[in-house]
Amino acid sequence: MSFQRQSSVEKSAVDEKEKSSVDMKDSSSSQGEEQSPALSYAPAESSKPKLPYSWQLVMIVLTCLCTFGNHWSNGLIVSLKTTIIKETHINNSQFATLVAVTNLVNTFLCIALGFYIDKLGGALMSVVLASFHFSGAVVMSGAATNHLNSYPLLIVGKVLAAIGDGSLDNAQHRIFSTYFAPGKGFAFSIGAIWCVANLAQFTGQSTANVIATNLGTYAWALWISSVIAGFSLACAITVFFLDRYLRTRYNVTDQTSGLRHTGQIKRGTFNIKAIKFLPMTFWLVVAFAIFENAGVQSFVSISTQFAQQRLKKGAVIGGWVSSFYLLLPAGLTPFLGIYIDVYGKRIGFLFLSGLTFLISMLLLKFSHSVPTFIAAYVFYALSQAVTPAPQVEIIRSIIPDPQYFATGFAIKKSVVQASIVIITTAAGRLQDLSPTDSLDPAVTLWLVYAFASVAISGFMLLMSYYAPNTLPAARLSQVAPRDMPEEVEKLARHQGIVVRKPDPEDEGNGTSELKMKEKILKSPKHQSGILSWAYLMIGLGIIFIGWIMFGLGVNWGVHGSVVAGTVGE
């Protein structure tokens, strides 16, 4: 084993491990783990008062609203597809370019922005990214005003908005990872984000055509979206100043480091070498997201047209039916977050989301009756409900150093973006090859994605119970936070991990014996990181395939159906 798991490990061995983790300072846990069984960080002694729960609630509400405008606009362009093609005189391949630009821009941009979110903090980057989205929304609105109907301006606006759209939710997660520890509100805060996000997307998607029809031009739908984007930018600016006020007025502990939250720029965070310290469980979660996350989110792009074909109804009815799936996640995700905070079971929820996605696609593939169609969309809504919070929370849970949470999340999101482009382009090609323009052949692609996601999550679930020492990070993500100390000690004993008790001054900086063991358990067993680099190369290969598929799609003139920005978690 790479950690020399012997009955006695000298301090130098531990220090060597700590230094090798890209200078990841083990600011892990608080003084006194018995009082903090979830392995969160207790606030250090200070003359300043403890942060009140009321201010934490205000931070949750304002941070959730930072992406309200982003998610409102997610379904607008696709919902207005017929009108935009008619008014701008473009074809399907040009429309495909318009709606896919968010996914394409963020296949690489998400990773770079993830590094900077870790380095500069979520509050500052929320302002920067919300500003990009707002500027893009205004440009797109102007492109449709006074019958200008400029396709090039729409592209420029989408590119600007894409810079903000792809990583704004990552910045939100980084803010919450600073203020909330796993098992102590972090999962609930993520659930709250996606409650607001689904409500925003449902409202924007379902009212786009109503606004355009009643006000005479689709420009009004875009301008209303711009106003809401401006409101979200105002919320992001408020969060930035609120964060400064809270850390000045109160004793706020950064739950990613265990140290006092000062808002200082972190040195050494922008380091690609951090990738080699991501454990096997992380890459399995990425593989799961490539199929489940991309599959669930990309199906949104055909849901309206698919509902029209199966129900034999018009666009308005199809739009309302296909948007209904957003309401169940909106009501359920905060409660799922509370459950995860209390009981864990993160991989169990990954398996559940894959299973409900598989049942939904099986029903759509092998039955054409209306009741079965409705049942399929209910299972699809359930899959949407249990997808975001567990995936975000598990990334935070399984990486050895939570200060690199945004980096790990960005890697996953970039690959998912490419996977969305791949499946939607292929689905559009299959639809174009159908003599009746049917989407039935394309459902096979989503069925394959669903099977793959169930296989990967099922494997992780089995390993977490029957071979916990093989994937210790997976096992630790399953246990309830209150049982974490006992489980860490159990796994450490099985693997022969013994660390020297930290010095009193180290304990004052947030280091504890239990957190050191947890960090070693979650770290890769091979310090060279060869496997991690290999997995990263596979991810980059998927990204390149996504770009190639997009180019082929433009050449084929396939139906533009990628929902910009819909990448889930």
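This section reports on the structure supplied with the text. The structure presented is a predicted model; accordingly, all values stated were derived computationally and were not measured.

### Here we look at a nonpolar patch on the surface
And step 1. A surface patch of nonpolar side chains, about 470 Å² in accessible area, is lined by Phe 335, Ile 338, Tyr 339, Val 342 and Tyr 343.
And step 2. Among the secondary structure elements, Ile 338 is positioned in helix α13 (residues 327-343).

### Quick notes on α13
And step 1. Between its first and last C-alpha atoms α13 spans 25 Å; for 17 residues at 1.5 Å apiece the expected length is 24 Å, and the two agree.
And step 2. Residue Thr 333 marks the point of greatest curvature in α13, where the axis turns by about 35 degrees; the proline Pro 334 follows within four residues.
And step 3. If you check which residues of α13 are buried, you get Pro 329, Ala 330, Thr 333, Pro 334, Leu 336, Gly 337, Ile 340 and Asp 341.
And step 4. In the stretch just after α13, Gly 344 is the one whose phi turns positive, near 75 degrees.

### Points about the packing of aromatic side chains
And step 1. Within this structure, the stated rule accounts for 14 aromatic pairs.
And step 2. Between Phe 299 and Tyr 377 the ring centres are 6.2 Å apart and the planes differ by 70 degrees, which places this aromatic pair in the edge-to-face class. In this pair, Phe 299 is assigned in helix α11 (residues 280-311) and Tyr 377 in helix α15 (residues 370-385), connecting sequence segments 78 residues apart.
And step 3. We classify Phe 299 as buried; its relative accessible area is 0%.
And step 4. Between Phe 373 and Tyr 377, the ring centres sit 4.4 Å apart and the planes meet at 40 degrees, which makes this aromatic pair tilted. Linking Phe 373 with Tyr 377, this pair stays in helix α15, spanning 4 residues, or about one helical turn. For the pair shown, Phe 373 and Tyr 377 are each scored as buried.
And step 5. Three or more aromatic residues link up through ring pairs in this structure, and these residues are Phe 299, Phe 373, Tyr 377, Tyr 380 and Trp 446.
And step 6. Positioned above the aromatic ring of Tyr 250 is the side chain of Arg 249, whose terminal nitrogen or guanidinium carbon lies 4.9 Å from the ring centre.
And step 7. One cation-aromatic arrangement involves Arg 396 over Phe 186; the distance from NZ or CZ to the ring centre is 4.8 Å.

What counts and how
Residues numbered from 1 in each chain as written. Predicted model: local features only at pLDDT ≥ 70, side-chain atom pairs only at ≥ 80, totals over all residues. Heavy atoms only, no water. Patch = residues over 30% accessible without salt bridge, like charges linked within 9 Å, V, L, I, M, F, W, Y side chains within 5 Å. Areas by Shrake-Rupley, 256 points an atom, 1.4 Å probe, with all protein chains shown as cover. Salt bridge = Lys/Arg side-chain N within 4 Å of Asp/Glu carboxyl O. Helix = DSSP H or I, 4+ residues; strand = E, 2+ residues; numbered from the N terminus. Expected span 1.5 Å × (residues − 1). Bend = angle between axes of the 7 residues up to and from the residue. Buried < 20%, exposed > 50% of the residue type's maximum accessible area, 1.4 Å probe, protein only. Phe/Tyr/Trp six-rings, centres within 6.5 Å; stacked < 30°, edge-to-face > 60°. Lys NZ or Arg CZ within 6 Å of the ring centre and 35° of its normal.

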